[in-house]
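Residue-level listing of the chains:
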Amino acid sequence: GEDVEQSLFLSVREGDSSVINCTYTDSSSTYLYWYKQEPGAGLQLLTYIFSNMDMKQDQRLTVLLNKKDKHLSLRIADTQTGDSAIYFCAERGGSGNTGKLIFGQGTTLQVKP
Amino acid sequence: DTAVSQTPKYLVTQMGNDKSIKCEQNLGHDTMYWYKQDSKKFLKIMFSYNNKELIINETVPNRFSPKSPDKAHLNLHINSLELGDSAVYFCASSQADRAYTEAFFGQGTRLTVV
């Protein structure tokens with residue numbers, strides 16, 4: 001089946017690194033995504049990784065993918081108060097090209113000044 | 001120049017009423033979606049339309065009826081609203097036939113049924 005799991009809450013101090021973890025079940029997922037949701041707003045794509053990659057870096061963001069363990073992580077370097085939000089891991093699910101996204105429960109990141 | 005826009009942003013209504021939420025995308029995408037986010041922030045897909053054809057219907061009650069007049073619009077009509085329908089409903093769009101596709105989300109409609 002298709003299932004994506006995340007821890008629900010993470011608290012860090014400003015300037016520290018944040019690491020948000022995610023596990024998924026569908027080994028056929030070709031793309032995995034990280035979305036950010038700020039309070040009262042929609043979801044914004046932060047970054048994505050193709051399944052044949054182990055790592056992707058984009059400025060302060062580093063995505064690590066362990067395909068064997070079906071584990072995905074998002075590291076935010078030098079976390080700022082503006083990074084406080086809910087972060088969703090998602091895999092592209094369903095058969096065919098439907099574009100359907102299966103989301104994790106979301107990890108609330110709290111950044112303390 | 002909002003890519004995916006949905007209206008209204010807030011909707012408060014009584015149980016038993018019928019209401020609609022509208023969504024429009026100006027990205028030229030071929031596929032549109034409705035997702036529901038519950039009070040615990042859990043996001044789950046409800047429906048998807050590809051070029052006006054329903055391709056995903058995830059065991060949603062019959063009271064929910066999506067309508068796609070053209071590929072740029074996907075509206076959601078809800079009959080006989082119940083308290084449990086209170087949630088945030090997100091519209092999204094993507095070009096689903098590409099190997100890599102990014103889904104763009106609207107700002108959400110917070111529905112409160114009293």
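Everything here concerns the structure above.
Residues numbered from 1 in each chain as written. Chains lettered and ligands numbered in written order. Predicted model: local features only at pLDDT ≥ 70, side-chain atom pairs only at ≥ 80, totals over all residues. Heavy atoms only, no water.

All names here are of chain B. Ordered in space as E1-E3-E8-E7, the four strands form an open sheet in which the pairing is antiparallel. Pairing within the sheet leaves two strands with one partner each, and these edge strands are strand E1 (4–7) and strand E7 (64–70). Between one strand and the next, the sheet's axes are offset by a mean angle of 20°, whatever the strand orientation. The pairing of E1 with strand E3 (residues 19–25) spans four bridges and is classified as antiparallel. Its bridge partner being in E3, glutamine 6 is matched across the sheet by cysteine 23. (Pairing = 2+ DSSP bridges. Helix = DSSP H or I, 4+ residues; strand = E, 2+ residues; numbered from the N terminus. Axes fitted to C-alpha atoms, helices over the stretch in contact; angles between N-to-C directions.)

Counting residues in hydrophobic clusters, the biggest one holds 21 residues, and the most contacted among them are A:Tyr35, A:Leu43, A:Leu101, A:Phe103, B:Tyr35 and B:Phe105. For B:Phe105, the residues in contact, after removing those within four places along its chain, are A:Tyr35, A:Leu43, A:Leu101, A:Phe103, B:Val4, B:Tyr35, B:Phe90, B:Cys91 and B:Ala92. (Core = buried A, V, L, I, M, F, W, Y, C linked by side-chain atoms within 4.5 Å. Buried < 20%, exposed > 50% of the residue type's maximum accessible area, 1.4 Å probe, protein only. Contact = heavy atoms within 4.5 Å.)

To continue, consider the state of the cysteines. Applying the stated criterion across every chain yields a total of two disulfides over all chains. The partner cysteine of A:Cys22 in its disulfide is A:Cys89, sulfur to sulfur 2.0 Å. Its S-S torsion of about -65° marks the bond between A:Cys22 and A:Cys89 as left-handed, since a negative value means left-handed. Pair noted here: A:Cys22 is in strand E3 (residues 18–24) and A:Cys89 is in strand E9 (residues 85–92), with a separation of 67 residues, a long-range link. Each of the two residues, A:Cys22 as well as A:Cys89, counts as buried. Here B:Cys23 connects covalently by a disulfide to B:Cys91, the sulfurs 1.8 Å from one another. The S-S bond linking B:Cys23 to B:Cys91 shows a torsion near -80°; that makes this disulfide left-handed. Linking B:Cys23 in strand E3 with B:Cys91 in strand E9 (residues 87–94), this pair joins segments that are 68 residues apart in sequence. (Disulfide = S-S within 2.5 Å.)

Every contact between the two is made by 26 residues of chain B and, on the other side, 21 residues of chain A. Buried area between chain B and chain A, summed over both chains or domains, comes out near 1800 Å², and the portion from carbon and sulfur atoms is 57%. Scanning the region where chain B abuts chain A turns up one salt bridge. Applying the counting rule to chain B against chain A returns five residue pairs in polar contact (both at pLDDT 80 or more). Per-class residue counts for the side of chain B that touches chain A are 13 nonpolar, six polar and seven charged. (Buried area = accessible area lost by both parts, 1.4 Å probe. Salt bridge = Lys/Arg side-chain N within 4 Å of Asp/Glu carboxyl O. Polar contact = N/O pair within 3.5 Å; in protein donor to acceptor, adjacent residues only side chain to side chain. Nonpolar A, V, L, I, M, F, W, Y, C, P; charged D, E, K, R; others polar.)

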